[in-house]
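# Per-entry structural report
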Amino acid sequence: MGKDLERVLITEEELQAKIKELAGRIDEDYAGGELLIVGVLKGAVMVMADLARALHLPVQMDWMAVSSYGAGTKTSGVVRVLKDLDTDIAGRHVLVVEDIIDSGLTLSWLVHNLKSRNPASVEICAALRKPDAVKVALDVKYIGFDIPNEFVIGYGLDYAERYRNLPFIGTLAPHVYGAS
């Protein structure tokens, strides 16, 4: 990464420990039942894979792709569904798995959309949340880390489709995305 990385915010070890902790809570909360975990593409791929492997209860997985960003660093506010679920969620317990909650606008729209499909429940698990950036009230049951309102990359998070494969969360140097 060279000069693109400003600093490591959350290490790989810290991420893996938190995912195991969240999985333990989810296992307890859904004990004796089944759960459909819905990953939000593309960012949640790493979180979803690690979380699914850490869970001990029976789970099914599905994916949605929604976008409100394009290639920039700020949300456009317009949500587009790029890939919908393949699974009927009526009567099912659904856990939406997200990489990061920034403004919360896209996730709020997504949760409203899923609830309109008559699931038994819809909860949210997010690896990261930026409390200072949240613009809508959102009930998030499982949160990995609260982080500062900085542009972050790694562990599924990208800038212009790069850096998703980093095993840690880092901050991107401002010169990379044109900030001063």
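Structure report, in brief. (Residues numbered from 1 in each chain as written. Predicted model: local features only at pLDDT ≥ 70, side-chain atom pairs only at ≥ 80, totals over all residues. Heavy atoms only, no water.)

### Let's talk about the sheet that holds strand β4 (residues 80-83)
Selection rule: Pairing between two strands requires that DSSP report at least two bridges joining them. Runs of H or I in DSSP of at least four residues are treated as helices and runs of E of at least two as strands, each being numbered from the N terminus. In this description, a line fitted to the C-alpha atoms serves as the axis of each element, helices being fitted only across the stretch in contact, and the angle between N-to-C directions of two axes falls anywhere from 0 to 180 degrees. Contacts are residue-level and defined by heavy atoms, with any inter-residue pair within 4.5 Å sufficient.
The mixed open sheet is built from 6 strands, whose spatial order is β4-β3-β2-β5-β6-β7. With partners counted over all chains shown, the strands left at the sheet margins are β4 and β7 (142-146), one partner each. Across this sheet, the average inter-strand angle for adjacent strands is 30°, counted without regard to direction. Of the strand pairs in this sheet, strand β2 (residues 35-41) and strand β5 (residues 93-101) are connected by 4 bridges, and their pairing is parallel. Residue I37 lies in a different strand from β5, and its bridge partner there is L95. Together, β2, β5, β6 (121-129) and β7 form the strand contacts of helix α1 (residues 12-29), whose direction differs from that of β7 by roughly 160°.

### Details of unusual backbone geometry
Residue K42 follows L41 across a cis peptide bond; omega there is 0°. Tracing the sequence through the fold places K42 in the loop between β2 and α2 (45-54). A positive phi angle is found at N118, which is not glycine, with a value near 60°.

### Regarding the environment of Y142
We apply this condition: By the criterion applied in these results, polar contacts are pairs of N or O atoms within 3.5 Å in which, for protein atoms, one can donate a hydrogen and the other can accept it, and in which residues neighboring in sequence qualify only through two side-chain atoms.
Here Y142 is to be found in strand β7. With 81 residues separating them in the primary sequence, Y142 and M61 have C-alpha atoms 18 Å apart. With residues up to four places along the chain from it excluded, the contact list for Y142 reads L22, R25, I26, D29, Y30, L95, I124, C125 and A126. Within the local environment of Y142, its side chain forms a polar contact with the side chain of D29, the two groups lying 2.6 Å apart.

### Some thoughts on the packing of α1 against α2
We count it as follows: For classification purposes, angles smaller than 35 degrees are called roughly parallel, those larger than 145 roughly antiparallel, those between 65 and 115 roughly perpendicular, and all remaining angles oblique. Should the near helix be turned counterclockwise from the far one by less than a right angle, the crossing is left-handed, whereas a clockwise turn marks it as right-handed. Each residue gets one label: Ala, Val, Leu, Ile, Met, Phe, Trp, Tyr, Cys and Pro are nonpolar, Asp, Glu, Lys and Arg are charged, and the others, such as Gly, are polar.
Axis separation between α1 and α2 bottoms out at 9 Å; the angle between their running directions is 55°. Comparing the axis directions of α1 and α2 gives the class oblique. Every pair of crossing elements has a handedness; the one defined by α1 and α2 is right-handed. Side by side, α1 and α2 meet where Q16, I19, K20, A23, I26 and D27 of the first sit next to V47, D50, L51 and A54 of the second. Per-class residue counts for the contact of α1 with α2 are 6 nonpolar, 1 polar and 3 charged.

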